[in-house]
Amino acid sequence: MKPVSTTKTMIRSVSPRNFDWVLFPIICIILTIGVLFVWSASSEKFLFKQLVWIAMGLTLFFILLYFDYLSFAHYAYIIYACVLFLLILVLGMGGAVKGSQRWFTIGSFSVQPSEFMKITLVLTLARFLRYKKYGIGLFDIGVSLLLTFIPMVLIMKQPDLGTALVLVPILLSILYTAGIRLYHLFMLIGAGLAISPLVWMFMLKSYQKMRIIGFLWPEKAMDWGAGYHRLQSLIAVGSGGLFGTGWGNGVQNQMKFLPERHTDFIFAVISEEWGFLRACFVLFLYIMFLTCGIGIARSTREPCGRLIVIGLVTMFATQIVVNVGMSLGIAPIVGITLPFISYGGSSMLTSFIALSIIFNIKMRSKIDLASEHHYKTIR
Amino acid sequence: MYPYRFKITLIIFIVFFIGIVVRLFQLQIIESNKYKGISQNRRIVTYPLEATRGTIFDRNGKMLAVDQHTFDIAVQYKNLLYCYVRDNNAVSRIDGMKVHKNAKKTCGECHENQDVWVEKLSQLLGIPQNELLSHAKQAVEKVERLKQNVEQKSGRATRIKEEAGYYPIASDVTWEKVIQIEINQNSYSGIRVTPRPKRIYPQQELAPHILGYMSKLNEKEWKMYSDKWNNFILSSNIKGTDITPLLYDGYAENDYIGRSGVELEYENELHGERGKRFEEITYKNTQVEKVILERPPVSGNDLYLTIDTQIQAYAEKSLGKNPGSIIVMDPWTGEILAMASYPCFNPNDVNKDFKKLIKHPSKPFLNRAIQGALPPGSIFKVITATAALSTNRINTQTNYECHGYTNYQNIIFRCWSEYGHGLVAIQDAIPYSCNVFFLETAKILGGDSLYTWAKNFGIGEKTGIDLPHERSGNMPKMTDTATVMNVAIGQGALLTTPLQLARIYAAVANGGTLVQPHLLLKLTDGQGKIVRLFKPEKKQKLPIQPATLDTLRTALLDVVTRGTAKNTGLELYKVAGKTGTAETGRQEDNHAWFVGYAPYDSPQYCFAILVEHTPGHGAEITGPIARELMSYLFPELNEAS
Ligand SMILES: [Zn+2]
């Protein structure tokens, strides 16, 4: 057994050799495409702001690499409690932005705790389920459900349906990777489907219901806004054809028929102006990103780390699938951003924090699991 | 642990991505033409859904202007084309014909009985067949020209979106006939009924200058509006789910727009928002496949005016055929209860008679109550008196001797009584309207304080009433005493509108507050919820001493009891006011005024009566009009007479 001090230095040191040189360029290409289309869909003003957000995100990304992810995990419960408190605070006193209370302002910064809840939940669940090598019992499932549903209810109340729904796949994927028995998993999914009518009746605000109805039966939609979003997005995507209308030439985009072009519906702009082939290229970049992410999870032997990676990758995957699905009219319009592409500070920073943690884990994945220190840090 | 579970997670992700790519392929490759709008089979078309313009009510909820639903009957293009080809067979060189002739052989089902509509509609509507067919001819020729252009450009036979449309054949069709069509939809196939709102003014010629009228946007205006709209869209960065501005289409060609009165002033509130229907149509049989999306139209807000229809009718009746105007206002709030102006027009007939009306020498569109700026004559003396009393240049003891004239530097100013009024103080100068008293006062008053006080009372400035094209009149700068003297008796370059004068006398009546005259009572939405109430922008308390006000009020009452308006019978109705005659410089051509309020002890109405270009003088012309108006306003006092 090595002396503690040596282990410590070993853990603390980060080798650039372990930096993921495949994943990072992919992210850079995605960011570049994002910047191009935020520019095309809005204006120089937004472009500049987006560049500032990216610069801030990258800085945060590298700063966070310095700290051991296990220390994040160490404080997971405390962070969880803090973010939960912030969520309650937002519900109580948050400034109303477009009729919902997702934000509150500290100085000149708008903070959106629900965004940070996604990462916090991943850390917390990973921390809780990290050493369940011999299977996950009903008690563990129960606690995990509780840990997920408390913030979910609060976020839904804000109301931010999109972010709340992202928490569900995160929970499922972490439970799955942590070793839940399959019949437990299916029972869980079955129970979830069974109680969803209750959620529908008591949890959702009427406009959220309308959006879902608008998605399922567009012609019956009472919420003209959602139907209009969907139709304009479909027209934009459809007009793109095989080769697209060319960057900066999208009729739907440039004539501003398409609402929320630079945020939630940016994929429709990409599809219109770049066409089918290059839209597929963007999707390909994303699937590469996810594959790399899962690769990192697989090669991480430290259990807490692998659960964190799988949770974060699922978070990204859900956002990508739902956001693109929204643009293509196959997912309800719930307000989810496309990671690294959509305009927006909160979303960009959250994505970079999550990415930083994934890199962090990859760079520390070669540490000696048997080390005494490890247990000390965690416990 | 479960290493394969990572693989399965990745596989689940990939399955979702494949689903996305498949959907992307479907939208961008298979259905692309539908969305690009160049498909031969299917296309998305949009129809506007007309919004109802807000109703205008008086203060008691009586309807003054309302949208009535009339109906347009439109016929499907293929049916029109069929008849056109049938009637012009030999000479027609239309390419589209060929297509249809071929189609007829293969598709008897939808090309059957294509000329039945002419007979049926002719019977139902009572319009001769050839008239219907001439409408059809126009539509067909327009579309075919368009089609030829498109085909020339693309170099191949193509179908254009217009071929799937419906074209109006008859308009202003009544409910009863429309019901017939709706009930027997099968026998009227290919015929579409679209409601079209038509503005109706149920009170006919009542208050046309207040209500205003509407007319079609011309091409230039429509272009201006749509440019404005496009610029707005391009410059706005719409955030979040609030896309209301995006949905609002602004104006369309052939839209009606308010041109004057409150129809213009509250155009944005009344207009409402046109709805939109997106339909997917199939070209094979030009049938509507499905309605993709429909945004219902939003009606405009209802407008409640401060006008009292009853009082307005009285005012118009009292004014009769005299060119001029009558204003009845609440002296405490500035609410306009009636505003009559003659000559007038019937807003229902404006579009029919527009050319005649606009050219008519009597200018029927002119709202004389706010757009006629005339010299106020003796009405202005109240301001001269207030200025002189407030600056202590005169008091109630100050006397001047009237010999029928006075002079200043060899200029002779006459009093209207050539014999003179003798020794007069302010208490007699107002009732007898003695010019000499005010001319002498003007000499010692000076131009500056008169100017200040006239401005205090709002002379030379718009009152800010919620009507378009208000005139501000003119308050001249006075440099020499002769000008001051002229202005002091309401002559010279001084110009005022009746509304300005009514407001001044309202201030005397209510204790020195200059109210904001207005017509808006409230705006309510479709559910009757109040959207906006009238909020006074300016309501200023004038620095008038209570003693000065008392003096003025007593004097104004004396005008009726023993002064220039004696023996007009107005005493009965407790009227206080001032008569005035403004000279135009021509013989036998004056403007006769009467401005005042009633009852004098607790003012309820403030009024201004003006008869323009009359040979008579002040009270002899306006007295009987005022008496008639008062007899309507205070019927309970009529008994005594
Ligand atoms: Zn005199």
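You'll find the structure just up there.
I will try to describe carefully the structure that is included in this document.

Cut-off values and rules
Residues numbered from 1 in each chain as written. Chains lettered and ligands numbered in written order. Predicted model: local features only at pLDDT ≥ 70, side-chain atom pairs only at ≥ 80, totals over all residues. Heavy atoms only, no water. Helix = DSSP H or I, 4+ residues; strand = E, 2+ residues; numbered from the N terminus. Buried < 20%, exposed > 50% of the residue type's maximum accessible area, 1.4 Å probe, protein only. Contact = heavy atoms within 4.5 Å. Areas by Shrake-Rupley, 256 points an atom, 1.4 Å probe, with all protein chains shown as cover. Pairing = 2+ DSSP bridges. Axes fitted to C-alpha atoms, helices over the stretch in contact; angles between N-to-C directions. Donors = N, O, S within 2.8 Å, 3.2 Å for Na, K, Ca; no water. Tetrahedral: all angles 85-135°; square planar, octahedral: opposite > 155°, others 65-115°.

## A short note on the overall build of chain A
Here is step 1: Assigned secondary structure in chain A consists of 16 helices and 3 strands.
Here is step 2: Going through the 379 residues of chain A one by one, you find that 59% of them count as buried.
Here is step 3: Contacts in chain A between residues far apart in sequence, at least 24 positions, make up 75% of those at least 6 positions apart.
Here is step 4: Carbon and sulfur atoms provide 72% of the accessible area of chain A, an area that totals close to 15,100 Å².

## Digging into unusual backbone geometry
Here is step 1: Note that the residue after B:Tyr342, namely B:Pro343, is joined by a cis bond; omega there is 5 degrees.
Here is step 2: Mapping B:Pro343 onto the fold places it in the loop between strand S12 (336–342) and helix H14 (350–359).
Here is step 3: Backbone geometry at A:Phe340 places phi at a positive 70 degrees, although glycine is not the residue there.
Here is step 4: Its location among the elements puts A:Phe340 in the loop between helix H14 (303–327) and helix H15 (345–363).
Here is step 5: Positive phi, close to 60 degrees, is recorded for B:His469, a residue that is not glycine.
Here is step 6: Mapped onto the elements, B:His469 comes out in the loop between helix H19 (447–456) and helix H20 (481–488).

## Side note on the environment of B:Ile459
Residues and elements named next belong to chain B.
Here is step 1: Looking at the element boundaries, Ile-459 is found in the loop between H19 and H20.
Here is step 2: A sequence separation of 76 residues divides Ile-459 from Ile-383, and the C-alpha atoms of the two residues are 9.9 Å apart.
Here is step 3: Setting aside its immediate chain neighbours within four residues, Ile-459 contacts Phe-380, Ile-383, Ala-454, Asn-474, Met-475, Leu-494, Thr-496 and Ile-504.

## Overview of the sheet that holds strand S11 (residues 324–329) of chain B
All names here are of chain B.
Here is step 1: Ordered in space as S12-S11-S23-S22-S21, the 5 strands form an open sheet in which the pairing is antiparallel. With one partner strand each, in any of the chains shown, S12 and strand S21 (576–583) form the two edges of the open sheet. If you compare each strand with its neighbour and ignore which way they point, the axes differ by 5 degrees on average.
Here is step 2: Here S21 pairs with strand S22 (residues 590–598) via 8 bridges, running antiparallel. When the sheet's bridge partners are listed, Lys-578 is paired in S22 with Val-595.
Here is step 3: Set on the sheet, helix H13 (residues 309–319) makes contact with S11, S12 and strand S23 (605–614); between it and S12 the angle comes to about 30 degrees.
Here is step 4: Across the sheet, helix H21 (residues 498–510) is in contact with S11, S12, S21, S22 and S23; its angle to S22 comes to roughly 30 degrees.

## Remarks on the coordination of the zinc ion
All names here are of chain B.
Here is step 1: Around the zinc ion, the protein supplies Cys-402 (SG), Cys-415 (SG), His-421 (ND1) and Cys-434 (SG) as donor atoms, at distances of 2.0 to 2.4 Å.
Here is step 2: Every donor counted, the 4 donor atoms about the zinc ion form angles of 101 to 116 degrees at the centre, which fits tetrahedral coordination.
Here is step 3: Counting the intervening residues between successive donors of the zinc ion yields the motif C-x12-C-x5-H-x12-C. One end of the pair, Cys-402, is in strand S13 (residues 400–402); the other, Cys-434, is in the loop between helix H17 (426–432) and helix H18 (435–445), and 32 residues separate them in sequence.

## Quick look at the pairing of S12(B)
All names here are of chain B.
Here is step 1: Within S12, 6 of the 7 residues are buried, leaving the element largely enclosed by the surrounding structure.
Here is step 2: Both S11 and S12 contribute to a ladder of 6 bridges, which runs antiparallel. Bridge assignment links Met-329 to a residue of S12, and that residue is Ile-336.
Here is step 3: Two successive antiparallel strands, S11 and S12, enclose a turn made up of 6 residues, where Gly-334 displays a positive phi of approximately 85 degrees.

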